[in-house]
Each structure stands twice: as structure tokens, then as C-alpha cells.
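# Descriptive structure summary
Below are the chains, spelled out letter by letter.
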Amino acid sequence: FRLCFFAFRKPIHHTPSSFFQVTGEGICGVVSPLQCFPAKNPQAVSATAYDQAVAQMAAEASFVCQCAFDLGATHITVNDAHGYMTNLALSQLPDRVTLISGKPKTCAMSAGLDVSYDAVLFLGYHAKAGTQCGVLAHTFHDKIYDASINGTSYGEAGINALYASLVHQVPL
């Protein structure tokens, strides 16, 4: 597992809550498009590859949630933010976790995030579109070659971090 560290930077006058966005292309061991989506044919090699990737995604999400609980978080919302957004099952996560899954979702990867959260954490993120040697590099969709805000190019992590910070004042 990759280690994730985060700190609550807002003054907390209540029980801490966290919002986790989980996507698949940056999960440990995910290196091929065959691992990113379920196969149309369940007998295909890609079906096994996808199932293994999703199992790793669930294991990493569960581990990070449990670490956050151990560090004092009392409420965690996990947004399944990969592909069809139906990769995680609530039964794969610790009991106190709320899971947002499925499509369509307003604000997609950030659906459910609001000012009530004390921290947001991104798990399984990947290189932005056009990143040289970036594994599974893209920005939201394979047809988007660049996403710029005021002349600065951002990937999914940058755009979602700006949204969390500027719209909801929730630190990464």
C-alpha cells in the first residue's frame, strides 16, 4: 500500500469528517486499460484484470479509511470516482463509511463534497493528459487533451483540488 498522510488545516470545532475521492488508474498495480473497465465478455482475460484492479482499489480505499478513523476522523464519505463509478461496494469499506456511487452525479468526482468536510483526500489519481511517460495519463476522458484554467494546465487532481478549496474551502 502507498502511505497517505493528511492533516486537518481548518479549525475543527466538531468531530472531524473526511471526503475521499477514489479513482482507479493510479491504484497500485494498475498499468493497462484492460484493468480499467469490466469486459463485455466475462470470460475474457480483461475481466480477471479488472476484477483484480477493483479488489486492489477496494483494499486501498478500506485501508486509508481505517487509517483516517484511527487518526480521529468520525465520518468518512467515499466517492467512487472511477469510470462508471460503480466499482466499490459498501461491504468492502469500514462500517462507518458512506459510499457515493453510480452515474450521473453532479460534479462527478466531487459529488457530495461540501463545506461541512474538514479534509478531502484523493486516492488512485494518475498523471494528466499529455504527461510524458504517464501511466494511463488522461484528464477526465481520453478525448480531452488539455484542461486549462486561466492559462494553467491542470489534470483531474488539480481541477478537483481547486474545486474543493475555492468552492467549498475544504483543504486537500
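That block above? That's the structure.
Residues numbered from 1 in each chain as written. Predicted model: local features only at pLDDT ≥ 70, side-chain atom pairs only at ≥ 80, totals over all residues. Heavy atoms only, no water.

## Overview of the environment of A129
With respect to the secondary-structure elements, A129 resides in the loop between β4 (119-123) and β5 (148-149). A C-alpha to C-alpha distance of 9.7 Å links A129 and S153, two positions 24 residues apart in sequence. Leave out the neighbours within four places in its chain, and A129 touches A137, H138, T139, I144 and Y145. (Helix = DSSP H or I, 4+ residues; strand = E, 2+ residues; numbered from the N terminus. Contact = heavy atoms within 4.5 Å.)

## Focus on the sheet that holds strand β1 (residues 17-22)
Spatially, the 4 strands line up as an open sheet ordered β3-β2-β1-β4, and their pairing is parallel. Edge positions in the sheet fall to β3 (97-100) and β4, since each of these pairs with one other strand and no more. Shown here is a sheet whose adjacent strand axes are inclined to one another by a mean of 20°, direction ignored. Here strand β2 (residues 75-80) pairs with β3 via 4 bridges, running parallel. Note on β3: the bridge partner recorded for N79 is I100. (Pairing = 2+ DSSP bridges. Axes fitted to C-alpha atoms, helices over the stretch in contact; angles between N-to-C directions.)

## Notes on the layout of surface pockets
Over the atoms rolls a probe the size of a water molecule, and in doing so it shows where empty space is left. Put simply, the largest pocket is a space of about 390 Å³. Along the wall of the largest pocket there are 18 residues; nearest its centre are E25, F37, G83, H138 and F140. A breakdown of the residues in the lining of the largest pocket according to their chemical character gives 9 nonpolar, 6 polar and 3 charged. (1 Å grid on protein atoms, 1.4 Å probe; cavity = no way out; pocket = protein on both sides within 12 Å on 5 of 7 lines; lining within 4 Å. Points joined across faces, edges and corners; volume = space filled by probe spheres on them. Nonpolar A, V, L, I, M, F, W, Y, C, P; charged D, E, K, R; others polar.)

## Brief notes about the packing of aromatic side chains
Applying the stated criterion across every chain yields a total of 3 aromatic pairs. Between F37 and Y84, the ring centres sit 5.5 Å apart and the planes meet at 65°, which makes this aromatic pair edge-to-face. One end of the pair, F37, is in the loop between β1 and α1 (45-70); the other, Y84, is in the loop between β2 and β3, with 47 residues separating them in the sequence. With a centroid separation of 4.6 Å and an interplanar angle of 20°, the aromatic rings of F122 and Y125 are classed as stacked. (Phe/Tyr/Trp six-rings, centres within 6.5 Å; stacked < 30°, edge-to-face > 60°.)

## A word on the nonpolar core
Core analysis: the largest hydrophobic core is formed by 22 residues, its most contacted members being F20, V22, I76, V78, V97 and L123. Contributing elements (two or more residues each) for this core: β1, α1, β2 and β4. Top contributing element to this core by residue count: α1, with 8 residues. Discounting residues that sit within four places of it in the chain, F20 has contacts with V64, C65, A68, I76, T77, V78, N79 and L121. Of all hydrophobic cores here, the second largest spans 11 residues; its members include F19, A81, M85 and F122. (Core = buried A, V, L, I, M, F, W, Y, C linked by side-chain atoms within 4.5 Å. Buried < 20%, exposed > 50% of the residue type's maximum accessible area, 1.4 Å probe, protein only.)

## Some points on helix α2 (residues 156-168)
Helix length check: α2, at 13 residues, gives a terminal C-alpha distance of 17 Å against a target of 18 Å (1.5 Å per residue), a fit within 8%. What α2 keeps buried is the set E156, N160, A164 and H168. Down the axis of α2, the buried set is contained in an arc of 60°. They therefore lie on one face. On its buried face, α2 sits against β1 and β4. (Expected span 1.5 Å × (residues − 1). Arc of directions from axis to C-beta.)

Any link to function would need more than the numbers given here.
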